[in-house]
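One-letter residues, chain by chain:
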Amino acid sequence: MTAARPPLYQQVKRELLAAIAAGEYSPGKPFVTQREICERFGVSHATAVRALNELAAEGHVVRRRGQGTFVAERKPQAGDRTIACILQYHGPHVTQLLAGVEATCAELGYRLYLTHCEGDVAREENALRQALAHNVSGIIIYPAEGSQVADVYADIHSQRVPLVMVDRYRPDLATDAVVADNFGAGKELTAELIALGHRTIATLWDETDATSVRDRLAGHLHALRENNIPVRPDLTVLRTYRSQPVEQRRTILRELLNGPQPPTVFLCANGYILATAAHDLAALGLDIPGDVDLAGMDDAGPFDVLPLTVAAVVLPSRDMGRQAMRLLHSRVTSDSPEWNPELVVLPISLRTRESAPGHLRVVGAPRDQP
């Protein structure tokens, strides 16, 4: 049974709180007007008024006669709580993950300090040290690929600052983490492809040194063995594809497609790889679908890749952010100075071409005649 949605004014209030927490409206500065709320959220004046009234009643905004509504000044207090959120790159997955963190911060009364490290391990370490220097209440971090930074994590642990990892975890560090079911993503998607008649499945990767990637590969291999399909190293090799030069990428595809048993589908680690593979396959003269199919182990990409796939995994990105913040809050407010680290694994969902209202077709460039 689906849970009832909160009243519309509460949804508007939650989004406005998230905007305040994210720094979109500065203390002492004019806040969004009733008319702007109506236009932005497509709600009635009554809904806008009620959302603003609750924000004022709770002290988030103040009304000044003849001047309008302003964001309330926040006076430093001993109980004032802040968190550092350290992420990698940008894109739909990270955007939704951050939205979950921000909304929950606003609900629970936290300020959020955000840093994007763009996969730079040195920047990540500096961001962690800056978080300690600013005496944050807790840290949420999306670790960079291949990060082996250890000293700063030891400092965080010694100072008893709660820390929760999201999207992936560090097997060498005993920390809380909230992740998607990446093993299930690889296993369930592969099983679906096999059920659709695909028995020669090639994998394409970008990152290779991350638990999310290795867990997806492990799930893929498990599904192959469950269905008595031999594991071919040339199809399952964990190597970088997307960040290679164009000619190197297309050489990888040609070698696979010109083999004695060419793949009928390319299983892409994420939506960015899938979009790149579609471009490369079209340049090689292949139609998608028709000559070959594409599948995605997640839906994060430069555009909505689902209509281009035979099947794709949908990640619980926003819920990942929400659950990470709620877990962090439980640590911050705990009376115990020690706790057993927890790994929270959230379920994924699977979408197929048949379940979509429509799909895209990529027509390959004309092939050179022999």
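Residues numbered from 1 in each chain as written. Predicted model: local features only at pLDDT ≥ 70, side-chain atom pairs only at ≥ 80, totals over all residues. Heavy atoms only, no water.

Colleague: Explain the side chain of T69 residue by residue, including any values.
Modeller: Its location among the elements puts T69 in strand β2 (residues 68-71). Not counting the four nearest positions on each side in its chain, T69 is found in contact with K29, P30, F31, V61, V62 and R63. (Helix = DSSP H or I, 4+ residues; strand = E, 2+ residues; numbered from the N terminus. Contact = heavy atoms within 4.5 Å.)

Colleague: Give me the lowdown on the packing of aromatic side chains, citing residues and values where you can.
Modeller: Summed over the entire model, instances satisfying the criterion amount to one aromatic pair. Geometrically, the ring pair formed by Y25 and F31 is edge-to-face, given 4.9 Å between the ring centres and 70° between the ring planes. With relative accessibility at 5%, the residue F31 sits in the buried group. Between R50 and the ring centre of Y9, over which it is positioned, the NZ or CZ distance is 3.9 Å. Over the ring of F70 we find R64; its NZ or CZ atom is 4.2 Å from the centre of that ring. (Phe/Tyr/Trp six-rings, centres within 6.5 Å; stacked < 30°, edge-to-face > 60°. Buried < 20%, exposed > 50% of the residue type's maximum accessible area, 1.4 Å probe, protein only. Lys NZ or Arg CZ within 6 Å of the ring centre and 35° of its normal.)

Colleague: Could you give me a rundown of the nonpolar core, with the residues and numbers involved?
Modeller: I83, I140, F266, L281 and L294 are the most contacted members of the largest nonpolar core, which has 67 residues in total. The element best represented in this core is helix α4 (residues 92-108), accounting for six residues. Once residues within four sequence positions are removed from consideration, L281 is found in contact with L253, L257, F266, L286, I288, V292 and L294. (Core = buried A, V, L, I, M, F, W, Y, C linked by side-chain atoms within 4.5 Å.)

Colleague: So what's going on with the sheet that holds strand β10 (residues 293-296)? Which residues, and what values?
Modeller: Read from one edge to the other, the open sheet built from five strands follows the order β8-β9-β10-β11-β13, with strand pairing classed as mixed. The open sheet has two edge strands, β8 (201-204) and β13 (349-352), and neither has a second partner. Between one strand axis and the next, the sheet turns through 25° on average, direction left out of account. For β8 and strand β9 (residues 265-268), the ladder comprises four bridges, and the chain directions are parallel. Bridge pairing in β9 places I201 opposite V265. (Pairing = 2+ DSSP bridges. Axes fitted to C-alpha atoms, helices over the stretch in contact; angles between N-to-C directions.)

Colleague: How would you explain unusual backbone geometry if you had to name every residue and give the values?
Modeller: Going from I288 to P289, the amide bond is cis rather than trans, its omega being -10°. Within the fold, P289 resides in the loop between α11 (271-283) and β10. If you check the backbone angles, R160 has positive phi at about 55° while not being a glycine. With respect to the helices, strands and loops of the structure, R160 is situated in the loop between α6 (151-158) and β6 (163-166). Of note, the phi angle at N228 is positive, near 55°, even though the residue is not glycine. Within the fold, N228 resides in the loop between α8 (211-226) and α9 (233-236). For N228, a relative accessible area of 68% translates into the label exposed.

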